[in-house]
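The residues making up each chain are set out below.
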Protein chains: 2
Amino acid sequence: MDKKPNDQTTAIWVLLNIAHKRVTQTFEAELKRARLPSAAWYDILWALERAKDGMRQNQLESQSLFDQPNLSRTIKRMVDDGLVTQCPAPSDRRGRVLRITDDGKALRAQMWEVYGRLMLSQIEDKVPDAHISGLIEGLASLIPEKDEKLQGKLNSARDGAEN
Amino acid sequence: MDKKPNDQTTAIWVLLNIAHKRVTQTFEAELKRARLPSAAWYDILWALERAKDGMRQNQLESQSLFDQPNLSRTIKRMVDDGLVTQCPAPSDRRGRVLRITDDGKALRAQMWEVYGRLMLSQIEDKVPDAHISGLIEGLASLIPEKDEKLQGKLNSARDGAEN
DNA sequence: GATTAATAGATGCATGTGCATGTATCTAAA
DNA sequence: TTTAGATACATGCACATGCATCTATTAATC
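Residues numbered from 1 in each chain as written. Chains lettered and ligands numbered in written order. Predicted model: local features only at pLDDT ≥ 70, side-chain atom pairs only at ≥ 80, totals over all residues. Heavy atoms only, no water.

Per an unreviewed UniProt entry, chain A goes by Winged helix-turn-helix transcriptional regulator and derives from Aliiroseovarius halocynthiae.

Peer 1: With reference to specific residues and values, describe the overall build of chain A.
Peer 2: When you go through chain A residue by residue, the secondary structure sums to seven helices and three strands. Reading chain A from its N end, one meets helices and strands in the order α-α-β-α-α-β-β-α-α-α. Relative to its 163 residues, chain A shows a buried fraction of 47%. Considering only contacts within chain A whose residues lie at least 6 apart along the sequence, 56% involve residues at least 24 apart. (Helix = DSSP H or I, 4+ residues; strand = E, 2+ residues; numbered from the N terminus. Buried < 20%, exposed > 50% of the residue type's maximum accessible area, 1.4 Å probe, protein only. Contact = heavy atoms within 4.5 Å.)

Peer 1: An account of the sheet that holds strand E1 (residues 55-56) of chain B is requested, with residue identities and associated values reported.
Peer 2: Residue and element names in this part refer to chain B. Read from one edge of the open sheet, three strands run E1-E3-E2, paired in antiparallel fashion. Edge positions in the open sheet fall to E1 and strand E2 (84-88), since each of these has one partner strand only. When E2 meets strand E3 (residues 96-100), the two strands line up antiparallel, connected through five bridges. Bridging from a neighbouring strand, Val-84 pairs with Ile-100 of E3. Along the sheet, helix H2 (residues 39-50) makes contact with E1, E2 and E3, crossing E3 at roughly 95 degrees. (Pairing = 2+ DSSP bridges. Axes fitted to C-alpha atoms, helices over the stretch in contact; angles between N-to-C directions.)

Peer 1: Give me the lowdown on the protein's contact with DNA strand D, citing residues and values where you can.
Peer 2: In the neighbourhood of DNA strand D, 21 residues make up the surrounding shell, with Asn-58, Gln-68, Ser-72, Arg-73 and Arg-94 of chain A lying closest. Each atom of DNA strand D within 4 Å of the protein was classed as base or backbone; sugar and phosphate made up 56%. Taking Arg-56 of chain A, its side chain carries an N or O atom lying 3.4 Å from a sugar or linking oxygen of DNA strand D. The contact in question runs from a base oxygen of DNA strand D to an N or O atom on the side chain of Arg-73 of chain B, over 3.0 Å. Elements supplying a minimum of two residues to the surface near DNA strand D: helix H3 (57-63) and helix H4 (68-80) of chain A together with helix H4 (68-80) of chain B. Looking at the surface near DNA strand D residue by residue, the classes come out as three nonpolar, seven polar and 11 charged. (Near = heavy atom within 4 Å. Polar contact = N/O pair within 3.5 Å; in protein donor to acceptor, adjacent residues only side chain to side chain. Nonpolar A, V, L, I, M, F, W, Y, C, P; charged D, E, K, R; others polar.)

Peer 1: Got a sec to walk through the protein's contact with DNA strand C? Specific residues and values, please.
Peer 2: As a matter of local geometry, DNA strand C sits amid 21 residues, with Gln-57, Asn-58, Ser-72, Arg-73 and Arg-94 of chain B nearest to it. The sugar-phosphate backbone supplies 56% of the atoms of DNA strand C found within 4 Å of the protein. Broken down by secondary-structure element, the contributors of at least two residues to the surface near DNA strand C are H4 of chain A together with helix H3 (57-63) and H4 of chain B. Grouping the constituent residues of the surface near DNA strand C by class yields three nonpolar, seven polar and 11 charged.

Peer 1: Go over unusual backbone geometry, please, and point to the residues and values.
Peer 2: Residue and element names in this part refer to chain A. Although it is not a glycine, Arg-35 sits at a positive phi angle of roughly 55 degrees. Tracing the backbone through its elements, the reader meets Arg-35 in the loop between helix H1 (7-33) and helix H2 (39-50). Overall, Arg-35 belongs to the exposed group, its relative accessible area being 78%.

Put into structure tokens, the structure is as follows:
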């Protein structure tokens with residue numbers, strides 16, 4: 001190695017892994033304890049609930065952290081569970097339009113009771129004000145530019161940080 | 001929900017997941033491209049190389065992000081590959097002392113060429129100076145107190161941040 | 001010292017994930 | 001319009017992970 005990463009770089013890499021693991025494990029454990037599906041399901045349900053007119057599967061794929069084959073299977077399970085419907089896309093016969101069902105909405109609301117509380121207890125209560133914006137900007141800087149899907153959310157968070 | 005998480009909290013949660021996924025994927029993809037084992041193997045090899053006199057398996061478990069059964073199997077594979085040896089512990093006949101082999105050291109050194117470069121390109125080059133300490137402290141605040149194993153590393157990173 | 005609890009580690013099983021590939025459909029170029 | 005390539009989604013397979021459980025051994029309690 002011509003140039004070695006410095007201690008701060010190492011700390012970021014180590015902490016990113018540990019923090020993600022610990023926080024994720026807590027989320028999954030609490031959801032499971034409440035006999036609810038995983039956080040990934042919540043994210044899908046919430047994305048579909050916001051999309052009033054349904055959403056193409058490939059669009060959802062680009063917004064989620066699932067890769068295509070994995071999303072395909074997950075959606076299948078959610079359809080089997082009656083949480084989501086899959087209709088042929090009108091404009092493209094290859095495609096499918098996904099819609100959340102009433103059962104899906106009900107489950108999402110139920111999950112939010114746990115999920116939202118976890119966001120408060122595991123994140124909002126823990127990160128000191130002084131480091132919130134550094135954490136947000138620092139994490140954002142690690143993400144490739146093309147991930148622009150989250151710019152809106154990021155900007156509103158930046159606004160909040162300035163208050 | 002009595003109280004809703006604010007936008008910054010949401011941003012942290014979303015960004016933590018995306019950043020972790022993207023950075024991890026890049027690491028794994030580059031290691032695979034170089035026909036090298038995963039980053040998790042690097043961490044084990046490095047921990048064992050630092051432990052001059054070998055290391056008990058449960059001690060390694062508490063330092064790594066593996067849970068016990070998974071570490072057990074991973075070590076087995078590494079032993080099969082000749083990277084690590086597993087000797088009965090002298091003081092506790094249940095236990096095993098792990099040691100890295102010369103082949104293991106050679107592989108770790110080879111992996112470092114890729115791994116270290118990735119830390120530079122994916123982290124050090126990307127996080128602006130202004131957000132380094134906020135990112136470190138913010139991530140650290142998400143981790144339960146009992147995770148003290150990393151305090152040393154964290155402190156030296158803090159020192160670096162003050163320069 | 002016998003019994004009970006706790007710990008170190010291994011193994012079985014169900015599930016999740018990444019990756020390669022398959023099929024159908026759409027788009028574009030010859 | 002035929003054909004080559006790209007895109008949407010599904011499927012098969014190898015492997016990783018989480019969780020429950022098993023065995024062997026040590027520590028603690030009576």
